[in-house]
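# Breakdown of the fold
Here is what each chain is made of, one letter per residue.
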Amino acid sequence: MGKEIDIKVKARFVNKIAKGFPLIAKESIGNLNDLQNEGSLVRLVDENNRFLAKGYYGKQNKGYGWVLTQKENDKIDQSFFNEKIRTAYDYRKPFFEDTETTAFRLFNGEGDGIGGLIIDHYDGHYVISWYSKGIYSFKDYIIKALQNTVEVKSIYQKKRFDTKGQYVDEDDFVMGEQPEFPLLVKENGVRFAVYLNDGAMVGVFLDQREVRRTIRDKYAKGKTVLNMFSYTGAFSVFAALGGSVKTTSVDLANRSLPKTIEQFSVNEIDPETQNIVVMDVFKYFKYAVKKALKFDMVILDPPSFAKSKKFTFSAGKDYTNLLKDAISITEDNGVIIASTNCSTFDMKKFKSFIEAAFREMNGKYELMEEFSLPTDFKTSSDYKEGNYLKVVFIKKING
Ligand code: SAH
């Protein structure tokens, strides 16, 4: 680990760090040149060399590292990591005890006190996501801490650093007994086929659990459902199990077809009774308008940024237009479920996109309910940006 390096925090950032802000932003560091090796422990000090916090140096898109403690005497050693993972485990006890949900997040980065580190649990198998070389250098401690805390069947890892945006998945497997894939996990009694060894995405986004349940239990019955940006069709599966008349899942990626068939199949829904379309959603909107297709429920869950052949979608710029497209093919009294994982704007701004879209379409709407991250995706009140998920259920009203 080497010796601790002092980081001089620039004056205008001192208060923020002193109050608990956990990210070490590049622009807050006065002596960048002193940072050499990722994984070095750093002491954040003010201009008078007064101690502010201790953390590690690790470069990721968000910044240059994370604060680990505000206590000067804390040692960053095995027992530090043991304690963090144990606390995270205690907080998720209800999840570990719930036999109907076997896939959830055990450790959520800065929300659990270590930015850049995420650990997800899939029925006794664990996936560790390392967001920088810096945090990866603590690998042995963290794996040991995990083993000290829970019973580990196997561990996989996602190195979300090196390479220029490209994900390499050569050594996803770390240790233990490899399960057969697909591994079948459960969420509120529904099955998911997941692949822990197959690139950055395993087949399900765990943060939408409450949204899926709500769709199944409160909104799907008797409805026609259009699921845009459907990936493996998780929302469609829950809608079908909730009694929807028919689901249509639309995604650009070729893999989405076999993956969606698989998710229906493992839940004993005949995929033939559902509609799965491999197509650009913007093309599908045009197609639906031309064919006068309308839906009782339209789900929008785009990535924050996406490049397709024709143009680049950016949630911050294009969400209003996406909503307008959805409004035009939603039945009166139908529901639009608008979701975004974009951390560059907040719920208030997201609602302003909704307001603008309906205004520009001369439509009326009512907000039914809204969701942010579920409890296992613990966030820190000192780092609001970490609470990225925003989902709003919107009813389109007559006239
Ligand atoms: N709603 C999904 C997750 C969506 S992930 C779920 O609940 O699991 C984003 C998906 O959008 C990816 O599968 C990607 O292939 C797809 N995508 C990105 N741009 C697209 C476009 N223009 N048209 C259709 N799908 C697109």
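Residues numbered from 1 in each chain as written. Predicted model: local features only at pLDDT ≥ 70, side-chain atom pairs only at ≥ 80, totals over all residues. Heavy atoms only, no water.

Moving on to unusual backbone geometry. Backbone torsion omega between Phe-181 and Pro-182 reads 5 degrees, so that peptide bond is classified as cis. With respect to the secondary-structure elements, Pro-182 resides in the loop between strand 9 (173–176) and strand 10 (183–187). A positive phi angle is found at Asn-49, which is not glycine, with a value near 65 degrees. Mapped onto the fold, Asn-49 is located in the loop between strand 2 (41–45) and strand 3 (51–60). (Helix = DSSP H or I, 4+ residues; strand = E, 2+ residues; numbered from the N terminus.)

A word on a nonpolar patch on the surface. Nonpolar side chains collect at one region of the surface, where Leu-257, Ile-261 and Val-278 lie side by side and expose about 190 Å² of accessible area between them. Of note, Leu-257 is situated in helix 8 (residues 256–265). Looking at Leu-257, the relative accessible area reads 33%, which means it is partly exposed. (Patch = residues over 30% accessible without salt bridge, like charges linked within 9 Å, V, L, I, M, F, W, Y side chains within 5 Å. Areas by Shrake-Rupley, 256 points an atom, 1.4 Å probe, with all protein chains shown as cover. Salt bridge = Lys/Arg side-chain N within 4 Å of Asp/Glu carboxyl O. Buried < 20%, exposed > 50% of the residue type's maximum accessible area, 1.4 Å probe, protein only.)

A few words now on the site of the ligand. Taken together, 16 residues form the shell around the ligand, and within it Phe-229, Asp-251, Leu-252, Val-281 and Asp-301 come nearest. Within the backbone of Phe-229, an N or O atom sits 2.9 Å from a nitrogen atom of the ligand. In the model, a nitrogen atom of the ligand is placed 2.7 Å from a nitrogen or oxygen of the Asp-301 side chain. Looking at the shell around the ligand, its residues break down into eleven nonpolar, one polar and four charged. (Near = heavy atom within 4 Å. Polar contact = N/O pair within 3.5 Å; in protein donor to acceptor, adjacent residues only side chain to side chain. Nonpolar A, V, L, I, M, F, W, Y, C, P; charged D, E, K, R; others polar.)

Enumeration according to the criterion identifies one cavity of 30 Å³ or more in this entry. The calculated volume of the largest cavity comes to roughly 30 Å³. Along the walls of the largest cavity sit Phe-13, Lys-16, Ile-17, Phe-21, Leu-23, Ala-25 and Ser-28, which together make up its complete lining. Of the residues belonging to the lining of the largest cavity, the class tally is five nonpolar, one polar and one charged. (1 Å grid on protein atoms, 1.4 Å probe; cavity = no way out; pocket = protein on both sides within 12 Å on 5 of 7 lines; lining within 4 Å. Points joined across faces, edges and corners; volume = space filled by probe spheres on them.)

Okay, the pattern of salt bridges next. Tallied over the full model, the rule gives 19 salt bridges. One salt bridge connects Asp-198 with Lys-259, and the closest N-O pair in it is separated by 3.7 Å. Of this pair, Asp-198 sits in the loop between strand 11 (190–194) and helix 6 (209–219) while Lys-259 sits in helix 8, and the two are 61 residues apart along the sequence. Across the salt bridge formed by Glu-210 and Arg-213, the nearest N and O atoms sit 3.5 Å from each other. Remark: Arg-213 and Glu-210 occur in helix 6; sequence separation between them is three residues, near one turn of the helix. In this structure Glu-210 comes out as partly exposed when scored by relative accessible area, which is 28%. The partly exposed category is assigned to Arg-213, whose relative accessible area is 31%. Connected through salt bridges with shared partners, the residues Asp-6, Arg-43 and Glu-72 form a single ionic network.

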